[in-house]
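Understanding the architecture of this molecule
What follows is the residue order along each chain.
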Amino acid sequence: MASIQTTSFDTLHEIYQQPEMWRQTYQILLDKEKEISGFMTSYYNEETTIILTGAGTSSFIGNILEFVMPKYGFYSVKSVPTTDITTHPEAIFNKNKKYILVSFARSGNSPESLAAVNIADSICHNNIAHIIITCNENGKLVKEYAEDNRLILILPPETNDKGLAMTSSFSSMLLASMLLFDVKKIVNKKEGIDNLYKKGEYLISTYSDQIKKIAALDFERTVFLGTGELKGIAEECHLKLQELTDGKVVCLFDSFLGLRHGPKAAINEKTLLVYLFSNDDKVFQYERDLVVQTNQQVKPIAQIYVSQKKRSTGNVVFDLEMLPDRMNFTEFDAILYVLIGQLLGFYKSIDLKLDPDNPSASGKIARVVEGVIIY
(Lines give C-alpha, C1' and ligand atoms only; values in the text may rest on other atoms or scores of the structure.)
Protein backbone atom coordinates (compact mmCIF):
# COMPACT_ATOMS: atom_id res chain seq x y z
CA MET A 1 0.00 0.00 0.00
CA ALA A 2 1.17 3.53 -0.74
CA SER A 3 2.77 5.18 2.27
CA ILE A 4 0.27 7.50 3.95
CA GLN A 5 1.75 10.82 4.91
CA THR A 6 1.94 11.68 8.61
CA THR A 7 -1.34 13.47 9.22
CA SER A 8 -4.40 13.40 11.44
CA PHE A 9 -6.73 14.08 8.51
CA ASP A 10 -9.26 11.35 7.79
CA THR A 11 -9.72 12.66 4.25
CA LEU A 12 -6.14 12.03 3.17
CA HIS A 13 -6.19 8.57 4.73
CA GLU A 14 -9.41 7.80 2.87
CA ILE A 15 -7.91 8.92 -0.43
CA TYR A 16 -4.81 6.80 0.10
CA GLN A 17 -6.71 3.68 1.17
CA GLN A 18 -8.67 3.44 -2.06
CA PRO A 19 -6.59 0.81 -3.92
CA GLU A 20 -6.99 -1.58 -0.98
CA MET A 21 -10.72 -0.80 -0.77
CA TRP A 22 -11.03 -1.70 -4.46
CA ARG A 23 -9.54 -5.13 -3.81
CA GLN A 24 -11.86 -5.68 -0.86
CA THR A 25 -14.86 -4.51 -2.86
CA TYR A 26 -14.04 -7.02 -5.58
CA GLN A 27 -13.93 -9.83 -3.01
CA ILE A 28 -17.30 -8.82 -1.57
CA LEU A 29 -18.90 -8.90 -5.01
CA LEU A 30 -17.15 -12.15 -5.90
CA ASP A 31 -18.49 -13.78 -2.74
CA LYS A 32 -22.02 -12.66 -3.65
CA GLU A 33 -21.83 -13.82 -7.27
CA LYS A 34 -24.65 -16.36 -6.96
CA GLU A 35 -26.89 -14.00 -5.01
CA ILE A 36 -26.40 -11.22 -7.56
CA SER A 37 -26.96 -13.53 -10.52
CA GLY A 38 -30.12 -14.92 -8.93
CA PHE A 39 -31.48 -11.45 -8.28
CA MET A 40 -30.86 -10.28 -11.83
CA THR A 41 -32.44 -13.43 -13.25
CA SER A 42 -35.54 -12.87 -11.12
CA TYR A 43 -36.04 -9.15 -11.68
CA TYR A 44 -34.36 -8.12 -14.93
CA ASN A 45 -35.42 -8.73 -18.52
CA GLU A 46 -35.31 -6.70 -21.73
CA GLU A 47 -38.44 -4.77 -20.70
CA THR A 48 -36.84 -3.53 -17.48
CA THR A 49 -35.53 0.00 -17.12
CA ILE A 50 -32.65 0.48 -14.70
CA ILE A 51 -32.74 3.77 -12.79
CA LEU A 52 -29.44 4.79 -11.18
CA THR A 53 -29.90 7.19 -8.30
CA GLY A 54 -28.18 8.99 -5.46
CA ALA A 55 -27.66 12.53 -4.23
CA GLY A 56 -24.62 14.71 -4.89
CA THR A 57 -21.51 12.61 -5.43
CA SER A 58 -23.60 9.42 -5.30
CA SER A 59 -25.69 10.64 -8.23
CA PHE A 60 -22.56 11.16 -10.34
CA ILE A 61 -21.96 7.40 -10.26
CA GLY A 62 -25.07 7.00 -12.39
CA ASN A 63 -23.90 9.68 -14.83
CA ILE A 64 -20.72 7.66 -15.37
CA LEU A 65 -22.51 4.31 -15.63
CA GLU A 66 -24.83 5.56 -18.38
CA PHE A 67 -21.77 5.39 -20.68
CA VAL A 68 -20.39 2.18 -19.18
CA MET A 69 -23.40 -0.11 -18.95
CA PRO A 70 -24.03 -0.47 -22.70
CA LYS A 71 -20.67 -2.27 -22.79
CA TYR A 72 -22.26 -4.87 -20.53
CA GLY A 73 -25.41 -5.12 -22.67
CA PHE A 74 -27.67 -2.74 -20.68
CA TYR A 75 -29.22 0.01 -22.79
CA SER A 76 -32.42 0.92 -20.95
CA VAL A 77 -30.58 2.89 -18.28
CA LYS A 78 -31.31 6.32 -16.81
CA SER A 79 -29.37 8.30 -14.23
CA VAL A 80 -31.78 10.34 -12.09
CA PRO A 81 -30.76 11.99 -8.79
CA THR A 82 -32.85 11.20 -5.72
CA THR A 83 -33.40 14.94 -5.47
CA ASP A 84 -35.31 14.82 -8.78
CA ILE A 85 -37.20 11.63 -7.90
CA THR A 86 -38.33 13.29 -4.66
CA THR A 87 -39.85 16.31 -6.42
CA HIS A 88 -40.89 14.89 -9.82
CA PRO A 89 -41.45 11.12 -9.55
CA GLU A 90 -44.26 11.14 -12.12
CA ALA A 91 -41.70 12.18 -14.76
CA ILE A 92 -39.54 9.16 -13.91
CA PHE A 93 -41.83 6.21 -13.21
CA ASN A 94 -44.71 4.67 -15.16
CA LYS A 95 -46.70 2.33 -12.94
CA ASN A 96 -47.19 -0.06 -15.86
CA LYS A 97 -43.48 -0.45 -16.60
CA LYS A 98 -40.82 -2.59 -14.90
CA TYR A 99 -37.89 -1.03 -13.06
CA ILE A 100 -34.83 -1.78 -11.00
CA LEU A 101 -33.91 1.21 -8.84
CA VAL A 102 -30.20 1.22 -7.97
CA SER A 103 -29.54 3.43 -4.93
CA PHE A 104 -26.00 4.58 -4.18
CA ALA A 105 -25.53 5.85 -0.63
CA ARG A 106 -22.49 6.36 1.56
CA SER A 107 -24.45 6.62 4.82
CA GLY A 108 -27.85 5.38 3.70
CA ASN A 109 -29.44 8.07 5.86
CA SER A 110 -29.99 10.99 3.47
CA PRO A 111 -33.68 12.05 3.46
CA GLU A 112 -33.96 11.98 -0.32
CA SER A 113 -32.38 8.51 -0.55
CA LEU A 114 -35.08 7.11 1.74
CA ALA A 115 -37.81 9.12 0.02
CA ALA A 116 -36.80 7.90 -3.46
CA VAL A 117 -37.26 4.26 -2.45
CA ASN A 118 -40.61 4.94 -0.78
CA ILE A 119 -41.93 7.02 -3.67
CA ALA A 120 -40.84 4.48 -6.28
CA ASP A 121 -42.58 1.69 -4.35
CA SER A 122 -45.76 3.73 -3.97
CA ILE A 123 -45.99 4.31 -7.73
CA CYS A 124 -44.73 1.01 -9.12
CA HIS A 125 -45.89 -1.47 -6.47
CA ASN A 126 -44.91 -4.95 -7.70
CA ASN A 127 -43.23 -3.64 -10.85
CA ILE A 128 -40.06 -2.49 -9.10
CA ALA A 129 -37.07 -4.12 -7.42
CA HIS A 130 -34.17 -2.44 -5.67
CA ILE A 131 -30.40 -2.70 -5.54
CA ILE A 132 -28.89 -0.80 -2.63
CA ILE A 133 -25.12 -0.19 -2.71
CA THR A 134 -23.97 1.42 0.52
CA CYS A 135 -20.98 1.85 2.79
CA ASN A 136 -22.91 1.77 6.07
CA GLU A 137 -24.38 -1.45 7.40
CA ASN A 138 -26.27 0.54 10.02
CA GLY A 139 -27.89 3.03 7.64
CA LYS A 140 -31.66 3.26 7.35
CA LEU A 141 -31.54 1.99 3.76
CA VAL A 142 -30.17 -1.28 5.14
CA LYS A 143 -32.03 -1.50 8.44
CA GLU A 144 -35.48 -0.42 7.25
CA TYR A 145 -35.59 -1.57 3.64
CA ALA A 146 -34.46 -5.20 3.70
CA GLU A 147 -37.29 -6.90 1.82
CA ASP A 148 -37.59 -9.77 -0.63
CA ASN A 149 -37.21 -7.60 -3.74
CA ARG A 150 -34.02 -5.96 -2.46
CA LEU A 151 -30.40 -6.78 -3.23
CA ILE A 152 -28.25 -5.06 -0.61
CA LEU A 153 -24.50 -4.76 -1.11
CA ILE A 154 -22.55 -3.39 1.86
CA LEU A 155 -19.01 -2.32 1.05
CA PRO A 156 -16.02 -2.39 3.44
CA PRO A 157 -16.72 -0.33 6.59
CA GLU A 158 -13.66 1.82 5.91
CA THR A 159 -15.40 3.19 2.80
CA ASN A 160 -17.95 4.92 5.04
CA ASP A 161 -15.71 8.00 4.90
CA LYS A 162 -15.44 10.00 8.11
CA GLY A 163 -14.48 13.17 6.26
CA LEU A 164 -17.08 15.45 4.74
CA ALA A 165 -16.05 14.69 1.16
CA MET A 166 -16.88 11.32 -0.37
CA THR A 167 -13.66 9.73 -1.63
CA SER A 168 -13.23 5.98 -1.09
CA SER A 169 -17.02 5.63 -0.86
CA PHE A 170 -17.44 7.10 -4.35
CA SER A 171 -14.77 5.05 -6.09
CA SER A 172 -15.72 1.80 -4.33
CA MET A 173 -19.43 2.15 -5.12
CA LEU A 174 -18.56 2.89 -8.74
CA LEU A 175 -16.38 -0.21 -8.93
CA ALA A 176 -19.02 -2.34 -7.22
CA SER A 177 -21.63 -1.36 -9.78
CA MET A 178 -19.29 -2.08 -12.70
CA LEU A 179 -18.69 -5.56 -11.27
CA LEU A 180 -22.36 -6.13 -10.50
CA PHE A 181 -23.62 -5.48 -14.00
CA ASP A 182 -21.06 -7.84 -15.50
CA VAL A 183 -21.27 -10.40 -12.73
CA LYS A 184 -21.24 -13.38 -15.08
CA LYS A 185 -17.59 -12.59 -15.84
CA ILE A 186 -16.55 -11.52 -12.35
CA VAL A 187 -14.30 -14.53 -11.77
CA ASN A 188 -12.18 -13.45 -14.73
CA LYS A 189 -11.75 -9.87 -13.51
CA LYS A 190 -9.15 -10.44 -10.80
CA GLU A 191 -6.25 -9.49 -13.08
CA GLY A 192 -8.00 -6.23 -13.97
CA ILE A 193 -8.55 -5.47 -10.28
CA ASP A 194 -4.91 -6.23 -9.48
CA ASN A 195 -3.83 -3.83 -12.24
CA LEU A 196 -6.24 -1.19 -10.96
CA TYR A 197 -4.73 -1.57 -7.49
CA LYS A 198 -1.17 -1.18 -8.78
CA LYS A 199 -2.03 1.81 -10.93
CA GLY A 200 -3.83 3.52 -8.06
CA GLU A 201 -0.90 2.94 -5.69
CA TYR A 202 1.52 4.33 -8.25
CA LEU A 203 -0.49 7.43 -9.10
CA ILE A 204 -1.01 8.39 -5.46
CA SER A 205 2.56 7.82 -4.34
CA THR A 206 4.17 9.35 -7.45
CA TYR A 207 2.12 12.48 -8.01
CA SER A 208 0.88 13.66 -4.60
CA ASP A 209 3.84 16.04 -4.02
CA GLN A 210 3.52 17.56 -7.50
CA ILE A 211 -0.22 18.05 -7.04
CA LYS A 212 0.47 19.71 -3.68
CA LYS A 213 2.74 22.25 -5.41
CA ILE A 214 0.12 23.06 -8.05
CA ALA A 215 -2.52 23.41 -5.32
CA ALA A 216 -0.39 26.18 -3.79
CA LEU A 217 -0.78 28.33 -6.91
CA ASP A 218 -3.09 31.33 -6.70
CA PHE A 219 -5.98 30.04 -8.82
CA GLU A 220 -9.59 31.08 -8.22
CA ARG A 221 -11.32 28.79 -10.71
CA THR A 222 -10.82 25.26 -11.96
CA VAL A 223 -12.35 23.60 -15.01
CA PHE A 224 -12.39 19.81 -15.31
CA LEU A 225 -13.04 18.29 -18.74
CA GLY A 226 -13.85 14.72 -19.72
CA THR A 227 -15.64 12.83 -22.49
CA GLY A 228 -18.15 9.99 -22.12
CA GLU A 229 -17.81 8.31 -18.72
CA LEU A 230 -14.94 10.68 -17.95
CA LYS A 231 -17.34 13.61 -18.02
CA GLY A 232 -18.99 12.08 -14.95
CA ILE A 233 -15.56 11.76 -13.34
CA ALA A 234 -14.93 15.44 -14.17
CA GLU A 235 -18.24 16.23 -12.48
CA GLU A 236 -17.10 14.46 -9.31
CA CYS A 237 -13.68 16.17 -9.45
CA HIS A 238 -15.27 19.60 -9.71
CA LEU A 239 -17.37 18.96 -6.62
CA LYS A 240 -14.44 17.59 -4.60
CA LEU A 241 -12.30 20.67 -5.14
CA GLN A 242 -15.19 23.08 -4.63
CA GLU A 243 -16.52 21.56 -1.41
CA LEU A 244 -13.07 20.92 0.12
CA THR A 245 -12.23 24.60 -0.39
CA ASP A 246 -15.63 25.69 0.96
CA GLY A 247 -16.41 27.35 -2.37
CA LYS A 248 -13.34 29.58 -2.31
CA VAL A 249 -12.32 27.90 -5.57
CA VAL A 250 -15.26 27.92 -7.97
CA CYS A 251 -15.25 24.87 -10.23
CA LEU A 252 -16.88 23.88 -13.50
CA PHE A 253 -17.00 20.67 -15.48
CA ASP A 254 -17.99 19.84 -19.03
CA SER A 255 -17.16 17.69 -22.01
CA PHE A 256 -14.41 18.85 -24.33
CA LEU A 257 -16.87 19.52 -27.12
CA GLY A 258 -19.43 21.05 -24.77
CA LEU A 259 -17.01 23.64 -23.38
CA ARG A 260 -17.08 25.66 -26.60
CA HIS A 261 -20.81 26.20 -26.31
CA GLY A 262 -20.61 28.98 -23.73
CA PRO A 263 -18.81 27.64 -20.62
CA LYS A 264 -15.41 28.53 -22.07
CA ALA A 265 -16.18 32.14 -21.12
CA ALA A 266 -15.29 31.24 -17.51
CA ILE A 267 -11.63 30.55 -18.33
CA ASN A 268 -9.20 33.34 -17.46
CA GLU A 269 -5.61 33.75 -16.27
CA LYS A 270 -6.64 32.67 -12.74
CA THR A 271 -8.04 29.34 -13.97
CA LEU A 272 -6.55 25.89 -13.49
CA LEU A 273 -7.45 23.56 -16.36
CA VAL A 274 -7.60 19.80 -15.77
CA TYR A 275 -8.00 17.52 -18.80
CA LEU A 276 -9.12 13.91 -18.38
CA PHE A 277 -7.99 12.45 -21.70
CA SER A 278 -9.77 9.50 -23.28
CA ASN A 279 -7.94 6.29 -24.05
CA ASP A 280 -9.81 6.18 -27.36
CA ASP A 281 -7.60 7.74 -30.05
CA LYS A 282 -10.55 8.94 -32.13
CA VAL A 283 -12.14 10.67 -29.14
CA PHE A 284 -8.79 12.17 -28.20
CA GLN A 285 -8.65 14.04 -31.51
CA TYR A 286 -11.64 16.14 -30.39
CA GLU A 287 -10.03 16.68 -26.99
CA ARG A 288 -6.67 17.71 -28.47
CA ASP A 289 -8.30 20.27 -30.75
CA LEU A 290 -10.03 21.91 -27.80
CA VAL A 291 -6.79 22.11 -25.81
CA VAL A 292 -4.93 23.71 -28.71
CA GLN A 293 -7.69 26.21 -29.42
CA THR A 294 -8.06 27.19 -25.76
CA ASN A 295 -4.32 27.84 -25.42
CA GLN A 296 -4.45 30.10 -28.46
CA GLN A 297 -7.10 32.21 -26.74
CA VAL A 298 -6.11 32.43 -23.08
CA LYS A 299 -3.17 31.59 -20.83
CA PRO A 300 -4.47 29.72 -17.76
CA ILE A 301 -2.46 29.71 -14.55
CA ALA A 302 -1.68 25.99 -14.94
CA GLN A 303 -2.73 22.91 -16.90
CA ILE A 304 -2.85 19.24 -15.91
CA TYR A 305 -3.76 16.20 -17.89
CA VAL A 306 -4.55 12.69 -16.69
CA SER A 307 -4.28 9.88 -19.22
CA GLN A 308 -3.61 6.18 -19.61
CA LYS A 309 -0.81 7.03 -22.02
CA LYS A 310 1.34 10.01 -22.90
CA ARG A 311 -0.44 12.47 -25.18
CA SER A 312 0.83 15.17 -27.50
CA THR A 313 -1.08 18.39 -28.10
CA GLY A 314 1.32 20.31 -30.30
CA ASN A 315 3.18 23.10 -28.53
CA VAL A 316 1.03 23.09 -25.40
CA VAL A 317 3.16 22.72 -22.25
CA PHE A 318 1.55 21.04 -19.25
CA ASP A 319 2.44 21.68 -15.63
CA LEU A 320 1.68 18.05 -14.77
CA GLU A 321 1.21 14.91 -16.83
CA MET A 322 -0.38 12.28 -14.58
CA LEU A 323 0.26 8.85 -16.07
CA PRO A 324 0.25 5.30 -14.68
CA ASP A 325 3.49 3.33 -14.76
CA ARG A 326 1.89 0.56 -16.80
CA MET A 327 -0.06 0.95 -20.03
CA ASN A 328 -2.11 -2.25 -19.95
CA PHE A 329 -5.68 -0.99 -20.20
CA THR A 330 -8.42 -2.29 -17.89
CA GLU A 331 -12.16 -1.68 -18.05
CA PHE A 332 -11.97 0.00 -14.62
CA ASP A 333 -9.38 2.67 -15.46
CA ALA A 334 -11.88 5.54 -15.44
CA ILE A 335 -11.98 5.21 -11.65
CA LEU A 336 -8.33 6.29 -11.44
CA TYR A 337 -9.04 9.72 -12.89
CA VAL A 338 -10.93 10.84 -9.78
CA LEU A 339 -7.65 10.90 -7.83
CA ILE A 340 -6.69 14.26 -9.36
CA GLY A 341 -9.84 15.94 -8.05
CA GLN A 342 -9.52 14.36 -4.62
CA LEU A 343 -5.85 15.26 -4.14
CA LEU A 344 -6.23 18.78 -5.53
CA GLY A 345 -9.16 19.31 -3.19
CA PHE A 346 -7.28 18.08 -0.15
CA TYR A 347 -4.10 20.07 -0.77
CA LYS A 348 -5.91 23.25 -1.79
CA SER A 349 -7.94 23.01 1.41
CA ILE A 350 -4.71 22.86 3.39
CA ASP A 351 -3.28 25.76 1.36
CA LEU A 352 -6.32 27.85 2.26
CA LYS A 353 -5.84 26.93 5.94
CA LEU A 354 -9.11 24.99 6.10
CA ASP A 355 -9.82 21.67 7.77
CA PRO A 356 -10.26 19.18 4.90
CA ASP A 357 -12.33 16.90 7.11
CA ASN A 358 -14.74 19.73 7.85
CA PRO A 359 -14.02 22.62 5.48
CA SER A 360 -17.41 24.25 5.86
CA ALA A 361 -16.94 26.07 9.16
CA SER A 362 -20.19 27.96 8.58
CA GLY A 363 -22.13 24.73 8.26
CA LYS A 364 -23.29 25.41 4.71
CA ILE A 365 -22.69 21.77 3.84
CA ALA A 366 -22.60 18.69 6.05
CA ARG A 367 -21.52 15.07 5.77
CA VAL A 368 -25.17 13.95 5.76
CA VAL A 369 -27.47 16.57 4.28
CA GLU A 370 -29.59 18.48 6.76
CA GLY A 371 -32.71 20.60 6.59
CA VAL A 372 -34.68 18.54 4.06
CA ILE A 373 -38.36 18.02 4.85
CA ILE A 374 -40.10 15.36 2.75
CA TYR A 375 -43.64 16.37 1.80
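Residues numbered from 1 in each chain as written. Predicted model: local features only at pLDDT ≥ 70, side-chain atom pairs only at ≥ 80, totals over all residues. Heavy atoms only, no water.

**Some details on the state of the cysteines**
To keep it simple, the criterion reads: We call a pair of cysteine sulfur atoms a disulfide when they lie within 2.5 Å. Exposure is judged per residue with a 1.4 Å probe applied to protein chains only, and the accessible area is read against the type maximum: over 50% gives exposed, under 20% gives buried, and values in between give partly exposed.
According to the stated counting rule, one finds 0 disulfides in the structure shown. Cys-135 forms no disulfide, and the closest cysteine sulfur to it belongs to Cys-237, at a distance of 18 Å. Its relative accessible area of 3% is what places Cys-135 among the buried residues. Here Cys-251 is not cross-linked by a disulfide; its sulfur's nearest cysteine counterpart is in Cys-237, at 9.6 Å.

**Here we look at the layout of surface pockets**
Where empty space is left can be seen by rolling a probe of water-molecule size over the atoms. Condition: Grid spacing is 1 Å over the protein atoms alone, the probe is 1.4 Å, and a cavity is where that probe fits but cannot get out, while a pocket is an open set with protein on both sides within 12 Å along at least five of seven lines and lining residues have an atom within 4 Å of a point. Grid points are joined across faces, edges and corners, and a volume is the space filled by probe spheres set on the points. Put simply, DSSP H or I for four residues or longer makes a helix, DSSP E for two residues or longer makes a strand, and each gets a number counted from the N terminus. Residues are grouped as follows: Ala, Val, Leu, Ile, Met, Phe, Trp, Tyr, Cys and Pro are nonpolar; Asp, Glu, Lys and Arg are charged; all remaining types, including Gly, are polar.
Of the pockets and cavities examined, the second largest pocket occupies roughly 350 Å³. Lys-71, Glu-229, Leu-230, Ser-278 and Phe-329 are the residues nearest the centre of the second largest pocket, which is lined by 19 residues in total. Elements that contribute at least two residues to the lining of the second largest pocket include exactly α4 (57-68) and α10 (229-244). In the lining of the second largest pocket, the residues fall into 9 nonpolar, 5 polar and 5 charged.

**Details of the nonpolar core**
Note the following rule: Residues enter a nonpolar core if they are buried and are Ala, Val, Leu, Ile, Met, Phe, Trp, Tyr or Cys, with the set joined through side-chain atoms within 4.5 Å. Here a residue-residue contact requires only that any non-hydrogen atoms of the pair lie within 4.5 Å.
The biggest cluster of nonpolar side chains holds 95 residues, and the ones touching the most others in it are Ile-131, Ile-133, Phe-181, Ile-233, Ile-340 and Leu-344. If near-sequence neighbours (up to four positions away) are discounted, Ile-233 is found in contact with Ile-64, Phe-170, Leu-174, Leu-276, Ala-334, Tyr-337 and Val-338. Ranked by size, the runner-up nonpolar core spans 19 residues in total, among them Ile-51, Leu-114, Ala-116 and Ile-152.

**Describing the pattern of salt bridges**
Applicable threshold: By convention in these notes, a salt bridge is any Lys or Arg side-chain nitrogen within 4 Å of a carboxyl oxygen on Asp or Glu.
Under the counting rule described, the total for this entry stands at 18 salt bridges. Between Asp-121 and Arg-150 there is a salt bridge, with the nearest N and O atoms lying 2.8 Å from each other. With Asp-121 in helix α6 (residues 111-124) and Arg-150 in strand β5 (residues 150-154), the pair connects residues that are 29 residues apart, well separated along the chain. The exposure class of Asp-121 is buried, given its relative accessible area of 18%. Judged by relative accessible area, Arg-150 falls into the buried class, the value being 9%. The residue Lys-189 makes a salt bridge to Glu-331 at a minimum N-O spacing of 2.8 Å. A residue pair is termed long-range when its members are at least 10 positions apart, and Lys-189 in the loop between α8 (168-180) and α9 (190-215) and Glu-331 in the loop between β10 (320-322) and α13 (338-351) qualify at 142 residues.

**Here's the deal with the packing of α4 against α8**
Definition in use: For helices, the fitted axis covers only the stretch in contact; all axes are lines through C-alpha atoms, and the angles between them, taken along N-to-C directions, range from 0 to 180 degrees. Crossing handedness: left-handed means the near helix sits turned counterclockwise from the far one by under a right angle, and right-handed means the same turn made clockwise.
Close contact between α4 and α8 brings their axes to 10 Å; oriented N to C, the two are set at 35°. As α4 packs across α8, the resulting crossing turns out to be right-handed. Side by side, α4 and α8 meet where Thr-57, Ser-58, Phe-60, Ile-61, Ile-64, Leu-65 and Val-68 of the first sit next to Phe-170, Met-173, Leu-174, Ser-177 and Met-178 of the second. When the residues that make up the contact of α4 with α8 are grouped by side-chain class, the tally is 9 nonpolar, 3 polar and no charged.

**Some thoughts on the packing of aromatic side chains**
We apply this condition: Stacked, tilted and edge-to-face are the three classes assigned to paired rings of Phe, Tyr and Trp, where Trp is represented by its six-membered ring and a pair needs centres within 6.5 Å; plane angles under 30 degrees give stacked, over 60 edge-to-face, the rest tilted. A positively charged side chain is recorded as over a ring if its NZ (Lys) or CZ (Arg) lies within 6 Å of the ring centre. The angle to the ring normal must also be within 35 degrees.
Taken as a whole, this structure holds 15 aromatic pairs when the rule is applied. Ring geometry for Phe-277 against Phe-284: centres 5.1 Å apart, planes inclined by 85°, an arrangement best described as edge-to-face. Between Tyr-305 and Phe-318 the ring centres are 4.8 Å apart and the planes differ by 85°, which places this aromatic pair in the edge-to-face class. With a gap of 13 residues between them, Tyr-305 in strand β9 (residues 302-306) and Phe-318 in the loop between β9 and β10 connect regions that are remote in the sequence. It is Lys-348 that lies over the ring of Phe-219; its NZ or CZ is 4.3 Å from the centre.

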